[in-house]
Amino acid sequence: MPYDSLLARAHEHARAFLRGLPGRRVTARSSDPDTGDPARLYDPVDPLQVIDGLAALADEAAVATAGPRYFGFVTGGSWPIAVAADWLVSSWDQNGALHVMSPAVALLEEVTARWVLDLFGLPPHASVGFVTGATMANVTCMAAARHEVLRRAGWDVESDGLQGAPRLHVVVGAGAHASIDTAARVLGFGTSNLVRVAADAQGRMLPDALEATLGRIASARHGAADPPPIVCLQAGHVNTGAFDPFAPLIEQAHRHGAWVHVDGAFGLWARAAEDEGLRKAADGLEGADSWGVDAHKWLNVPYDSGIAIVRTPEAHGASMAQHASYLLRAARSNHVGRRDGMDWTPEASRRARVVPIYAVLKSLGRRGVSDMVLASCARAREMASLLRASAAVEILNDVVLNQVLLRVRSRAGENVTDAVIARVQQEGVCWVGSTVWNAEPAMRISISNWSTSAEDIQASAASILRAVESACAVGSTAPQVTTPD
């Protein structure tokens with residue numbers, strides 16, 4: 001069988017990589033590996049040699065993002081069962097577009113959707129789409145929002161587009177994630193038309209500022225001919241982990257007839273935690289109209305995996321579903337109630353990315369998901385506590401979730417944060433990211449890997465403190481910070 005030798009070799013390399021992951025240098029050994037002439041495709045190469053070459057490339061130039069000491073970009077690792085399930089996905093090669101294409105995938109999507117809604121405490125009748133990540137989840141949800149608010153104004157955006165459409169107002173927080181800007185570009189809103197609302201020192205939208213903004217929009221509207229606004233809130237600020245105060249903000253927005261979307265890329269998982277503090281922080285978001293969340297972040301399944309959730313299935317389906325005579329729909333096949341996954345996503349043909357989500361949820365159960373979230377939050381508090389040992393380190397955020405935001409100043413008051421980050425990345429014990437906070441460089445530590453232990457935090461904090469001491473001793477001269485595009 002042609003698969004046997006190739007799968008065996010891939011298995012051998014995968015096991016070697018995973019076995020070495022806990023102790024692996026986190027930063028890539030090389031940023032510019034040699035892959036031969038990139039401009040020309042030459043004669044065929046034996047498939048086993050191709051697999052060996054890929055393994056060698058990863059050994060030289062892969063970043064240990066799946067490991068326990070990678071703290072960049074809210075990147076989760078992958079549970080062992082998620083990796084195993086994902087291997088099955090590739091082996092099965094199922095298309096998740098239609099029920100008729102794969103009843104197995106359709107069933108897994110339906111079951112997983114119900115589990116997710118129950119886990120997050122969201123409306124059980126909501127529709128769920130399995131997409132590539134939180135960016136596409138936000139695009140999907142805001143497309144549903146665009147449909148609905150323009151429908152109320154008597155405009156069919158799916159048929160007539162935005163040329164000549166009533167003016168839309170999209171309201172976002174001052175600290176909204178860049179994926180909201182992406183959604184604005186993709187959906188034709190335009191980033192310059194986003195109405196940005198002031199936030200507090202942790203990045204939380206201010207209710208008084210939202211009320212004033214919505215009041216100005218309402219006074220400029222011309223009755224039912226103008227659509228109500230779309231308001232985007234955030235569960236888990238990308239730098240601080242902070243939650244918008246959902247209850248008052250959603251009440252205000254709905255009083256003005258607005259659609260409310262929650263970008264919950266990683267923060268939505270706080271709803272699954274059996275912890276009074278986290279539940280309180282996320283309280284009220286269930287009142288929104290749509291929610292976007294990643295699974296490849298805190299649920300720790302392989303890339304790529306996101307979830308779009310919409311309270312109103314009619315709006316969701318109207319903005320996403322494709323219709324053609326050759327598409328054998330479940331309803332047309334007398335499978336009423338069976339799921340056609342393409343109704344809820346921008347893509348028709350799709351990898352069966354629901355399978356690892358299902359496997360992890362079934363394996364962990366409600367308690368296991370809660371434990372995973374709480375463990376990451378505990379590791380974040382441990383990291384902040386250890387780093388406070390240095391007088392040069394200022395923790396900038398309330399560590400309410402899994403994010404630690406800090407700045408480093410020398411004795412002379414110089415901001416040497418970027419120099420510290422560069423030294424940490426060069427040493428390779430852990431990987432931390434850079435950001436800008438209040439117009440100054442800051443270090444961003446995101447802890448969302450299931451395998452990160454207290455020992456990993458101790459080793460990583462020690463590396464960071466060594467870099468702090470070194471940078472403060474010699475000033476900001478250091479290797480350049482490396483950040484993936």
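Residues numbered from 1 in each chain as written. Predicted model: local features only at pLDDT ≥ 70, side-chain atom pairs only at ≥ 80, totals over all residues. Heavy atoms only, no water.

1. Here we look at the pairing of strand E10 (residues 433-437)
Here is step 1 of the chain: Only one face of E10 is covered, namely the one carrying Gly 433, Thr 435 and Trp 437; the face carrying Ser 434 and Val 436 has none of its residues buried.
Here is step 2 of the chain: The sheet contact formed by E10 and strand E11 (residues 440-446) spans five bridges and is antiparallel. Bridge pairing in E11 places Ser 434 opposite Met 443.
Here is step 3 of the chain: A loop of two residues connects E10 with E11, the two strands running antiparallel in sequence, and Asn 438 in this loop sits at a positive phi of about 50°. (Buried < 20%, exposed > 50% of the residue type's maximum accessible area, 1.4 Å probe, protein only. Helix = DSSP H or I, 4+ residues; strand = E, 2+ residues; numbered from the N terminus. Pairing = 2+ DSSP bridges.)

2. A look at the state of the cysteines
Among covalent bonds in proteins, the disulfide is the one between the sulfur atoms of two cysteines.
Here is step 1 of the chain: Under the defined criterion, the tally for this structure stands at zero disulfides.
Here is step 2 of the chain: Cys 141 carries a free sulfur, and the closest cysteine sulfur to it, the one in Cys 232, is 9.7 Å from it.
Here is step 3 of the chain: Here Cys 430 stays unpaired: no disulfide links it, and the sulfur of Cys 472, its closest cysteine neighbor, is 16 Å away. (Disulfide = S-S within 2.5 Å.)

3. A word on the packing of aromatic side chains
Here is step 1 of the chain: All chains considered together, the criterion is met by five aromatic pairs.
Here is step 2 of the chain: Between Phe 73 and Trp 431 the ring centres are 5.7 Å apart and the planes differ by 35°, which places this aromatic pair in the tilted class. Residue Phe 73 is located in the loop between helix H2 (47-61) and helix H3 (80-92), and its partner Trp 431 is located in the loop between helix H13 (417-427) and E10; the two are separated by 358 residues in the primary sequence.
Here is step 3 of the chain: Following the ring pairs from residue to residue traces out a cluster consisting of Tyr 70, Phe 73 and Trp 431. (Phe/Tyr/Trp six-rings, centres within 6.5 Å; stacked < 30°, edge-to-face > 60°.)

4. Observations concerning the packing of helix H1 (residues 2-20) against H2
Here is step 1 of the chain: Here H1 crosses H2 at 15°, and the two axes come no closer than 10 Å. In this view, H1 runs roughly parallel relative to H2, as classed from their interaxial angle. In this structure, H1 meets H2 at a crossing whose hand is right-handed. Contact with H1, carried on its side by Ser 5, Leu 6, Arg 9, Ala 10 and His 13, involves Pro 47, Leu 48, Ile 51, Asp 52 and Ala 55 of H2 and no other residues of that element. (Axes fitted to C-alpha atoms, helices over the stretch in contact; angles between N-to-C directions. Parallel < 35°, antiparallel > 145°, perpendicular 65-115°, else oblique. Left-handed = near helix turned anticlockwise from the far one by under 90°. Contact = heavy atoms within 4.5 Å.)

5. Brief notes about the sheet that holds strand E8 (residues 393-395)
Here is step 1 of the chain: Here four strands make up an open sheet; going across it, the order is E8-E9-E11-E10 and the pairing antiparallel. The sheet is open, and its two edges are formed by E8 and E10, each paired on a single side. Strand-to-strand twist across the sheet, computed as the mean angle between neighbouring axes with direction ignored, equals 40°.
Here is step 2 of the chain: Contacts from helix H12 (residues 354-387) reach E8, strand E9 (403-408) and E11 within the one sheet, and its direction differs from that of E9 by about 15°.
Here is step 3 of the chain: Against the sheet, H13 engages E9, E10 and E11, with an angle of about 40° to E11.

6. Focus: the pattern of salt bridges
Here is step 1 of the chain: With the rule as written, the count across this model stands at 25 salt bridges.
Here is step 2 of the chain: Ionic pairing is found between Arg 29 and Asp 59, a salt bridge with its closest N-O pair at 3.4 Å. Remark: Asp 59 occurs in helix H2 and Arg 29 occurs in the loop between H1 and H2; sequence separation between them is 30 residues.
Here is step 3 of the chain: The exposure class assigned to Asp 59 is partly exposed, which follows from its relative accessible area of 42%.
Here is step 4 of the chain: A salt bridge links Asp 86 to Arg 351; the nearest nitrogen and oxygen atoms lie 3.0 Å apart. (Salt bridge = Lys/Arg side-chain N within 4 Å of Asp/Glu carboxyl O.)

7. A closer look at the environment of Arg 409
Here is step 1 of the chain: With respect to the secondary-structure elements, Arg 409 resides in the loop between E9 and H13.
Here is step 2 of the chain: Assessed through its relative accessible area of 29%, Arg 409 is described here as partly exposed.
Here is step 3 of the chain: The spacing of Arg 409 and Pro 227 is 182 residues in sequence and 49 Å in space, taken between C-alpha atoms.
Here is step 4 of the chain: Those residues in contact with Arg 409 that sit more than four places away from it in its chain are Ala 392, Glu 414, Asn 415, Val 416, Glu 440 and Cys 472.
Here is step 5 of the chain: From its side chain, Arg 409 meets the backbone oxygen of Gly 413 in a polar contact 3.4 Å long.
Here is step 6 of the chain: A distance of 2.7 Å separates the side chain of Arg 409 from the side chain of Glu 440, its partner in a polar contact. (Polar contact = N/O pair within 3.5 Å; in protein donor to acceptor, adjacent residues only side chain to side chain.)

8. So, unusual backbone geometry
Here is step 1 of the chain: Here the bond from Tyr 303 into Asp 304 is cis, since omega is -5°, no more than 30 degrees from zero.
Here is step 2 of the chain: As for its placement among the helices and strands, Asp 304 is situated in the loop between strand E6 (290-294) and strand E7 (306-310).
Here is step 3 of the chain: One non-glycine residue, Phe 73, adopts positive backbone phi at about 60°.
Here is step 4 of the chain: Judged by its relative accessible area of 38%, Phe 73 is partly exposed.
Here is step 5 of the chain: We note that Asn 438 has phi near 50°; this positive angle belongs to a residue other than glycine.
Here is step 6 of the chain: Here Asn 438 is to be found in the loop between E10 and E11.

9. Comments concerning a nonpolar patch on the surface
Here is step 1 of the chain: A contiguous nonpolar patch, built from Val 45, Val 50, Leu 54 and Leu 57 and spanning about 320 Å² of accessible area, is present on the exposed surface.
Here is step 2 of the chain: Looking at the element boundaries, Leu 54 is found in helix H2. (Patch = residues over 30% accessible without salt bridge, like charges linked within 9 Å, V, L, I, M, F, W, Y side chains within 5 Å. Areas by Shrake-Rupley, 256 points an atom, 1.4 Å probe, with all protein chains shown as cover.)

10. Describing the environment of His 296
Here is step 1 of the chain: Tracing the chain through its elements places His 296 in the loop between E6 and E7.
Here is step 2 of the chain: A relative accessible area of 7% means that His 296 is categorised as buried.
Here is step 3 of the chain: Sequence separation of His 296 and Val 186 is 110 residues, and the distance between their C-alpha atoms is 22 Å.
Here is step 4 of the chain: Sequence-distant contacts of His 296, that is, excluding residues within four places in its chain, are made with Gly 76, Thr 132, Gly 133, Val 301, Pro 302, Tyr 303, Asp 304 and Ser 305.
Here is step 5 of the chain: A distance of 3.1 Å separates a polar atom in the side chain of His 296 from a polar atom in the side chain of Asp 294.
Here is step 6 of the chain: A polar contact is formed between the side chain of His 296 and the backbone nitrogen of Ser 305, at a distance of 2.8 Å.

11. A word on the sheet that holds strand E2 (residues 170-173)
Here is step 1 of the chain: Taking strand neighbours across the sheet as the criterion, the seven strands line up as E1-E7-E6-E5-E4-E2-E3 in an open arrangement whose pairing is mixed. On the outer flanks of this sheet lie strand E1 (127-131) and strand E3 (194-197), each paired with one strand and no other. Between one strand and the next, the sheet's axes are offset by a mean angle of 20°, whatever the strand orientation.
Here is step 2 of the chain: Strand direction decides the pairing type here: E2 and strand E4 (residues 230-234), joined by three bridges, are parallel. Directly across from Val 171, in E4, lies its bridge partner Val 231.
Here is step 3 of the chain: Against the sheet, helix H5 (residues 134-152) touches E1, E2, E4, strand E5 (259-263), E6 and E7, its axis set at about 180° to E5.
Here is step 4 of the chain: In the packing of helix H8 (residues 207-220) onto the sheet, the strands contacted are E2, E3 and E4, and the crossing angle to E3 comes to about 150°.

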